[in-house]
Amino acid sequence: MGANANEFKAYDLLATQPVSVKDLPERERAGIVVSAVTDMNGRNHTLSTFGDAVWDFRPYFEQSNVADGQKYIPWPEDCTNHLVNDCKAVLYAWYKRGLPGSKPPVAMGICQAAIASAIPLMRWLMSLNVHRFDQMKPIHVANYVHHIKVRLVRNAHSVYDSLRIMDFLWIFRDETSFPLADCPWGTSSLWRISGLGKQAGRNEVGKTPIIPTDVQAQVFNYCEQILASAPDILNQRDVEQLGLRNPALIAIRDAALYVLSITSGMRNEEVIGVELGSWRSERRDGVEYHWVATTEHKTGKGKVEFLIPELTIRVLELMSCYAQPLQEQLVREIEDMEHQTDPHGLTDRLLQIAKAKRNTKKLFLCTSISGQRESTRYHVDALTNGGAKVAFRRLAKAAGTSWLLSPHQCRRTYARTIVESRMGRASLVFLKWQFKHSSMSMTQLYASNPMQDASLFDEVLAEMADFKMDLIESWLGDQPLSGGAGRAIQRVRAITLASRHALLAETASYVHIRATGHGWCLAQERGCGGAGLYEASRCVDCRNAVIDESFADVWQDLYQQQRELLAIDDAGPAVRQRAERDVRWAHQVMKDLGLLAESSKFTT
C-alpha cells in the first residue's frame, strides 16, 4: 500500500523553522511554515504558514476519533490583526517550545486553545472596542472571568480551558507586539481563578456524571439483544441483502461501542483506536485474563492494554466481522487515490491517503462525507467523537431511557462501579465477569500486566476516595444512624468544625470502611473477627458498626423474618431464644433509623 502514513509528515521542513517569531520582519514571519506534508517522491507541500487565515493541522492528529473539521484553526477576520497576530505568536511559541518545564503540546492542544480560548477572547474584546492586548485593563480581565464563569457555571475545567489564552499571553509576552501590562491573575493563578485550586481534596464541580444503575442495565440489556441478533444481520449483509449504511448494521456498531466502553474503562479515542486482532487471553496461576490493546494519546503513553471480560472478547470478534467489508472498501479507496496522477488536489489526496492507512485495521468504521470535496461521495472513515456521541444518544433512546448518554461517562462509571463492587454494594450483573478479580488488590491487578493504563487505576482510587468521603459526609448530616459507631457519630455532630471538607478528606484517607451486607464495619485491627458478616445482630451494639438508611430494607426484612420464626410453635427453646434476641436488635435498628414511632413498644 505504499509509504507509511507517518512518512507524509514533513518533519524535516518543520524542524528548520524558527521557534520564535520575535523581531522577525513581517514578510519573513508570515512565511514561517506551520504545517506541511511530503509526497511519495519526497517533495514538500506547505499546508499553512504563519500569515495564513487558516492553520491546517490535519497531518498531525493521531487520534482516530477526531473529525477533520476539528483539525483547523480558522483565525477570525472580524478581529484586528494586532489581536490575531499576538495570539498566533504565543500559540506558535507554545507549539514549538512548550511551557517552561514541560514538553510542547500536540496539534489537538493548539487547535483547542485557539478555538475555545483565543478566538472567543478576541471577539469579546472587539465588542468592547479593545483592539490590542496592551489595552486590556484589570477590569477587562475581571469582567471576562465573570462572563466565562456565568456561561460555564459549575465547570471549573472548562473555565480553565476558556481563560488559558491569557496565561499564554503573559508567559510568552516577549513574543507579542502589544504585550499585557500586568499578569492577568495578579498574585493568584489561573488554576485558582478557574476554581480548580479549590478542588484539591474534593472535586465535585463539573464532574462527569455517572450513568445511573437502572440506565446502565436498560442500555446493556438492549445491547445484548442487538448483539444476539447480529450474526443473522451480518449474514444478510454478506449476501447483499443489506447495504453498508443499513440502520440494523449501525445498531450493531453502536451496541458494541457501548459494551466495549463500559466494560473496559477506555476513553472514546482509545475505543475507536482498537484494531483487528488486538485482543488476547491468557491464564496465570489459575486465573484467566482477557486484554485488549489500543493507543493512548492523552498523556502520550503509546500502546496500552485494558482488562476486559470474556463477553467483550466475543463482541470484538463480532466487530471484526462487521468491519471486514468496510476495511476492504477502504483498501480499494487507498489504491484508487494512489493511482491518481492529476496534480490538482495532490496535497488533500496525500492527507486522505495517510488518514485512510491509519484506519485500515480499525473496527469502528463508518461511511462518511467528512473531508471530501465532492459532498455526495461517501468514503470509509473511523467513527469520530461527534459520531460516537450521536450513537450513544441514539442507543439510549432506542433502549427506552431519557438519559443523555455520552461516551465520556463510561470511564468514570466503570471506575465507580468497581468501587461499588469492592465496597460491598451490589454491582451490575452484566459486569460480573470483570469483578471476578475483586478479591485481588489494585497492586496485584496492576502487576498482572505492566502495559495497563495506570491512569485508569488512578481514577478508580480517586473514585474510592470520593465514595468514602460521600459516605462519611452522609453520616455527618442529619440522617438517622444505628450501630455502636453510628450512635457515637450522631453525638459528635454538634461539634463545630473549622473545615468540614478538610476533615472528610483527612478521615477518608485512613479510615477502613467495609460493607457487611447489613451495615458498615470500621474495625481496623481488632473486631469481631468477621462473625458480624454472618450474624447481623452482632453489629447493632458494636463500637465499629455504622448502620445507615441504605440498609433499612435489610433490617425490615430481618425483623419480619424473625417474627415469623417466633410464630412457629415447635421450633424449640434455643431457636426461640435466638429469634427473640434478634427481633429485639432489629427493632432497635428500625427505631434508630426512624422506621418505627418513638413510642413503639417491642413485644414478642
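Right, let's walk through the structure included here. (Residues numbered from 1 in each chain as written. Predicted model: local features only at pLDDT ≥ 70, side-chain atom pairs only at ≥ 80, totals over all residues. Heavy atoms only, no water.)

## Looking at helix H21 (residues 552-566)
Put simply, the test is: A run of H or I in DSSP becomes a helix once it reaches four residues, and a run of E becomes a strand once it reaches two; helices and strands are each numbered from the N terminus. Each helix should span, by expectation, one fewer than its residue count multiplied by 1.5 Å. Only protein chains enter the accessibility calculation, which uses a 1.4 Å probe. A residue is then buried if its area is under 20% of the maximum for its type, exposed if over 50%, and partly exposed in between. Arc, as used here, means the arc of the directions from the helix axis to the C-beta atoms.
For H21, with 15 residues, the first-to-last C-alpha span of 21 Å sits near the 21 Å given by 1.5 Å per residue. Taken together, the buried positions of H21 are occupied by Ala552, Trp555, Tyr559, Gln562 and Leu566. All buried residues of H21 lie within an arc of 100 degrees about the axis, which places them on one face of the element.

## Side note on the side chain of glutamine 562
To keep it simple, the criterion reads: Throughout, a residue-residue contact means that at least one pair of heavy atoms, one from each residue, lies within 4.5 Å.
Looking at the secondary structure, you find glutamine 562 in helix H21. Setting aside its immediate chain neighbours within four residues, glutamine 562 contacts Ala579, Asp582 and Val583.

## Observations concerning the pairing of strand S7 (residues 302-307)
For clarity, the cut-off: Only strands joined by at least two bridges in the DSSP assignment are considered to pair.
The pairing of strand S6 (residues 287-296) with S7 spans 6 bridges and is classified as antiparallel. Counterpart to threonine 295 in the pairing with S7 is lysine 303.

## Brief notes about the sheet that holds strand S11 (residues 520-521)
One key point about sheets: their strands pair by backbone hydrogen bonds, in either a parallel or an antiparallel sense. Strand order in the open sheet formed by 3 strands is S10-S11-S12, with antiparallel pairing between adjacent strands. A single partner strand is all that each edge strand has here, and the edge strands are strand S10 (514-515) and strand S12 (545-546). Where S10 and S11 come together, 2 bridges link them in antiparallel fashion. Paired with arginine 514 across the two strands is cysteine 521, which belongs to S11.

## So, the packing of aromatic side chains
A ring pair, where both rings are aromatic, is described by two values, the distance of the centres and the angle of the planes. Convention followed: Aromatic rings from Phe, Tyr and Trp, taking only the six-membered ring of Trp, are treated as a pair when their centres fall within 6.5 Å; an angle between ring planes under 30 degrees marks them as stacked, one over 60 as edge-to-face, and anything in between as tilted.
One pass over the structure, following the stated rule, counts 11 aromatic pairs. On the numbers, 4.9 Å between centres and 55 degrees between planes, the contact of tryptophan 124 with tyrosine 144 is tilted. Within this pair, whereas tryptophan 124 is found in helix H4 (residues 107-127), its partner tyrosine 144 is found in helix H5 (residues 138-151), the two being separated by 20 residues in sequence. Here the two residues tryptophan 124 and tyrosine 144 agree in accessibility, since each one is buried.

## Side note on the sheet that holds S6
Operational definition: Lines fitted to C-alpha atoms define the axes here, with helix axes fitted over just the stretch in contact, and angles between the N-to-C directions of these axes take values from 0 to 180 degrees.
Pairing in this open sheet of 3 strands is antiparallel, and the strands run S5-S6-S7 from one edge to the other. Either end of the sheet is taken by a strand with one partner, and the two such strands are strand S5 (279-284) and S7. If you compare each strand with its neighbour and ignore which way they point, the axes differ by 35 degrees on average.

## Things to note about the environment of glutamate 305
So the rule is basically this: Whenever a nitrogen or oxygen atom comes within 3.5 Å of another N or O atom, the pair is scored as a polar contact, on the condition that within protein one atom can donate a hydrogen and the other can accept it, and that pairs from neighbouring residues in sequence are kept only if both atoms are in side chains.
Within the fold, glutamate 305 resides in strand S7. Sequence separation of glutamate 305 and methionine 451 is 146 residues, and the distance between their C-alpha atoms is 5.6 Å. Dropping the residues within four chain positions of it, glutamate 305 is found in contact with Arg280, Trp291, Val292, Ala293, Asn449, Met451, Gln452 and Asp453. Polar contacts involving the side chain of glutamate 305 include one to the side chain of arginine 280, which spans 2.7 Å.

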